[in-house]
Amino acid sequence: MQIDEFHDIVDSERLRKFLNEGAPEGSTSSKVCVFKNGARWVTLHTDERAAVITRTRRTFDTRAEALEDAVDGLRLLRDLEEFRPA
C-alpha cells in the first residue's frame with residue numbers, strides 16, 4: 001500500500017481520529033500508531049491512558065506492510081466505537 005492510498009482510505013472511511021503517524025506519546029490515547037524505528041516499520045495500539053498495548057506491537061520490513069496493518073487496526077477501533085451503545 002502506498003502512502004497516498006493509505007491517506008485516501010483513512011479519510012474516506014473516517015479513520016483519522018484513531019491515527020497517530022509517529023511514535024506514541026502522552027497525547028496518543030486510544031490510537032493506532034505507525035512509525036519508522038531504525039530500519040523497520042512499527043504499528044501498535046495505545047489504550048485510553050496512552051500506554052502501549054504490548055501485544056499489539058508489530059514490526060515490518062516495509063512501510064507498505066505497516067500501512068496495511070494500520071488500516072486493519074484503524075477499522076477495528078472505528079467499528080468498536082460505532083458498536084458501543086450510547
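Relevant structure appears above.
It should be emphasised that the depicted structure is a prediction, and the values quoted were computed from it without experimental measurement.

A. Region of interest: the sheet that holds strand β1 (residues 19-20). Pairing is mixed across the open sheet formed by four strands, whose spatial order is β1-β2-β3-β4. In this open sheet, the two edge strands, each paired with only one partner strand, are β1 and β4 (58-60). The pairing of strand β2 (residues 32-37) with strand β3 (residues 40-45) spans six bridges and is antiparallel. Paired with lysine 36 across the bridge in β3 is tryptophan 41.

B. Fine view of the packing of helix α1 (residues 3-12) against helix α2 (residues 63-83). It is the contact of α1 with α2, at a shortest axis distance of 10 Å, that shows an interaxial angle of 5°. The angle between α1 and α2 falls in the class roughly parallel. Two secondary-structure elements touch here, α1 through Ile3, Phe6, Ile9 and Val10 and α2 through Arg63, Leu67, Ala70, Val71, Leu74 and Arg75. Tallied by class, residues from the contact of α1 with α2 come to eight nonpolar, no polar and two charged.

Calculation notes
Residues numbered from 1 in each chain as written. Predicted model: local features only at pLDDT ≥ 70, side-chain atom pairs only at ≥ 80, totals over all residues. Heavy atoms only, no water. Pairing = 2+ DSSP bridges. Helix = DSSP H or I, 4+ residues; strand = E, 2+ residues; numbered from the N terminus. Axes fitted to C-alpha atoms, helices over the stretch in contact; angles between N-to-C directions. Parallel < 35°, antiparallel > 145°, perpendicular 65-115°, else oblique. Contact = heavy atoms within 4.5 Å. Nonpolar A, V, L, I, M, F, W, Y, C, P; charged D, E, K, R; others polar.

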